Amino acid sequence: MVRGIRALAEGSILENVRRTPCSCRPILVDPPIAAINRRAAGKLIQQVRRRAKRIVLELETGDGFVIEPRMTGLMLVSDPPDVGHLRVEWLLQKGKLRRSLWFWDRRGLGTVRFLSRDHLAELLNGSTLGADALEMTAAQWLAALGRTRRAIKVALLDQALVAGIGNLYASEILHLAKISPQTQAASLSAIRVERLHAATQHVLSEAIRHEGSTLGDGTYRNALNQSGSYQNAHQVYDRAGEACPRCRTTILRIVQSQRSTFYCPRCQR
DNA sequence: ATTAATGTTCAGAA
DNA sequence: TTTCTGAACATTAA
């Protein structure tokens with residue numbers, strides 16, 4: 001998402017932000033739009049970046065937007081999947097060009113926040129989120145996982161321990177690392193944590209390279225409303241009953257923390 | 001027609 | 001203190 005909107009957003013002037021007139025319930029925007037516009041309208045968008053699963057639009061003032069797409073949110077520069085679930089529009093101006101950036105969200109669990117410079121710094125460097133999964137060292141992994149007694153799959157989804165892994169990728173990472181999702185996180189040997197570290201780097205960077213996973217319902221789209229292709233590389237996610245690509249054993253689905261986990265009971269120990 | 005599932009996060013309870 | 005549960009929402013499949 002960040003890659004897709006960066007060229008448009010960075011260096012643009014934000015004319016204003018508005019909720020789009022759609023029939024669905026309003027998503028959380030905080031503070032209210034009018035208050036945001038008083039502080040943000042007319043300002044330059046200096047930088048677009050990612051922090052774990054959040055998108056940050058930072059203004060020249062140091063204040064900035066933090067967007068959480070959650071389950072079904074998308075940042076778009078054009079052609080929404082359907083206009084009925086468009087939620088927020090940023091009107092941008094770059095030279096003579098006037099274009100819009102959109103937040104589309106089918107379920108509406110996503111959020112848009114506008115934070116002061118200080119609160120933004122707290123989000124980016126504070127302790128609510130752990131270190132970013134793609135920037136952590138193996139030693140940081142070992143320390144983070146040693147702090148919990150939960151199963152490794154559950155721990156991987158705790159954004160305060162490791163930030164940036166979602167449900168789908170947790171299953172894929174554990175399969176690649178050959179680790180059972182039910183293993184106690186803190187009981188993993190340093191060697192196995194190193195494997196987990198490497199598997200995370202691999203799965204997440206490949207998923208990003210392939211523009212994400214567009215699953216059966218087709219919700220996930222890049223900023224140009226195009227499907228991703230990483231779903232074609234999935235080994236276990238949503239494949240219960242099928243053969244493990246590595247050892248042909250039947251893939252299982254279990255529920256942990258009210259979320260589905262898919263794994264191979266033979267090659268994941 | 002219900003019920004459960006879906007890529008997430010958080011408040012409040014245990 | 002840490003971990004678990006249910007709710008927020010819209011849509012589809014069973």
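Parameters at a glance
Residues numbered from 1 in each chain as written. Chains lettered and ligands numbered in written order. Predicted model: local features only at pLDDT ≥ 70, side-chain atom pairs only at ≥ 80, totals over all residues. Heavy atoms only, no water. Domains from an automatic or database assignment. Contact = heavy atoms within 4.5 Å. Buried area = accessible area lost by both parts, 1.4 Å probe. Salt bridge = Lys/Arg side-chain N within 4 Å of Asp/Glu carboxyl O. Axes fitted to C-alpha atoms, helices over the stretch in contact; angles between N-to-C directions. Helix = DSSP H or I, 4+ residues; strand = E, 2+ residues; numbered from the N terminus. Parallel < 35°, antiparallel > 145°, perpendicular 65-115°, else oblique. Left-handed = near helix turned anticlockwise from the far one by under 90°. Nonpolar A, V, L, I, M, F, W, Y, C, P; charged D, E, K, R; others polar. Pairing = 2+ DSSP bridges. Near = heavy atom within 4 Å. Polar contact = N/O pair within 3.5 Å; in protein donor to acceptor, adjacent residues only side chain to side chain. Buried < 20%, exposed > 50% of the residue type's maximum accessible area, 1.4 Å probe, protein only.

Participant: Can you lay out the domain arrangement of chain A for me, pointing to particular residues and giving the numbers?
Facilitator: Considered domain by domain, chain A is made up of domain 1 (2-124) and domain 2 (132-263). Taken together, the contact pairs 19 residues of domain 1 with 19 residues of domain 2. At the boundary of domain 1 with domain 2, total buried surface from both sides reaches about 1300 Å², with 52% on carbon and sulfur atoms. Along the contact surface separating domain 1 from domain 2 lie two salt bridges.

Participant: An account of the packing of helix H4 (residues 138-145) against helix H7 (residues 190-209) is needed here, citing residue identities and associated values.
Facilitator: Contact geometry for H4 and H7: axes closest at 9 Å, N-to-C directions at 115 degrees. What the angle tells us is that H4 and H7 run roughly perpendicular. For the pair H4 and H7, the sense of crossing is right-handed. For the pair H4 and H7, contact is made by Ala138, Trp141, Leu142 and Leu145 and by Ala190, Val193, Glu194, Leu196, His197 and Thr200, respectively. Considering only residue class, the contact of H4 with H7 consists of seven nonpolar, two polar and one charged.

Participant: Outline the sheet that holds strand E8 (residues 97-105), supporting the account with residue identities and numerical values.
Facilitator: Two modes of strand pairing occur in sheets, parallel and antiparallel, and in both the strands are linked by backbone hydrogen bonds. The strand order across the open sheet formed by four strands is E1-E7-E8-E6, and the pairing between neighbours is antiparallel. The two strands at the open ends of the sheet, each matched to only one other strand, are strand E1 (13-19) and strand E6 (73-76). Direction aside, neighbouring strands of the sheet carry axes that sit 15 degrees apart on average. Pairing between strand E7 (residues 86-94) and E8: eight bridges, direction antiparallel. The residue of E8 that forms the bridge with Trp90 is Leu101.

Participant: Help me get a handle on the side chain of Glu172, residues and values and all.
Facilitator: If you trace the backbone, Glu172 turns up in helix H6 (residues 167-177). When sequence neighbours within four positions are dropped, the list of residues in contact with Glu172 reads Val203, Ala233, His234, Gln235, Val236 and Tyr237.

Participant: Can you lay out the protein's contact with DNA strand B for me, pointing to particular residues and giving the numbers?
Facilitator: Taken together, 17 residues lie near DNA strand B, and Asn167, Asp217, Tyr220, Tyr237 and Ser260 sit nearest. At the protein interface, 62% of the atoms of DNA strand B within 4 Å belong to sugar or phosphate. The side chain of Arg259 places a nitrogen or oxygen atom 3.2 Å from a phosphate oxygen of DNA strand B. Elements with a contribution of two residues or more to the surface near DNA strand B: H6 and strand E13 (259-263). Split into classes, the residues belonging to the surface near DNA strand B amount to five nonpolar, five polar and seven charged.

Participant: So what's going on with the pattern of salt bridges? Residues and values would help.
Facilitator: Per the stated rule, a full pass over the model turns up eleven salt bridges. Glu10 is the salt-bridge partner of Arg6, the closest N and O atoms lying 3.4 Å from each other. Owing to a relative accessible area of 32%, Arg6 belongs among the partly exposed residues under this scheme. Residue class for Glu10 comes out partly exposed when judged on its relative accessible area of 25%. For Arg239, the salt bridge identified is with Glu242, shortest N-O distance 3.7 Å. Overall, Glu242 belongs to the partly exposed group, its relative accessible area being 37%. Connected through shared salt-bridge partners, Arg54, Glu68 and Arg70 make up one network.

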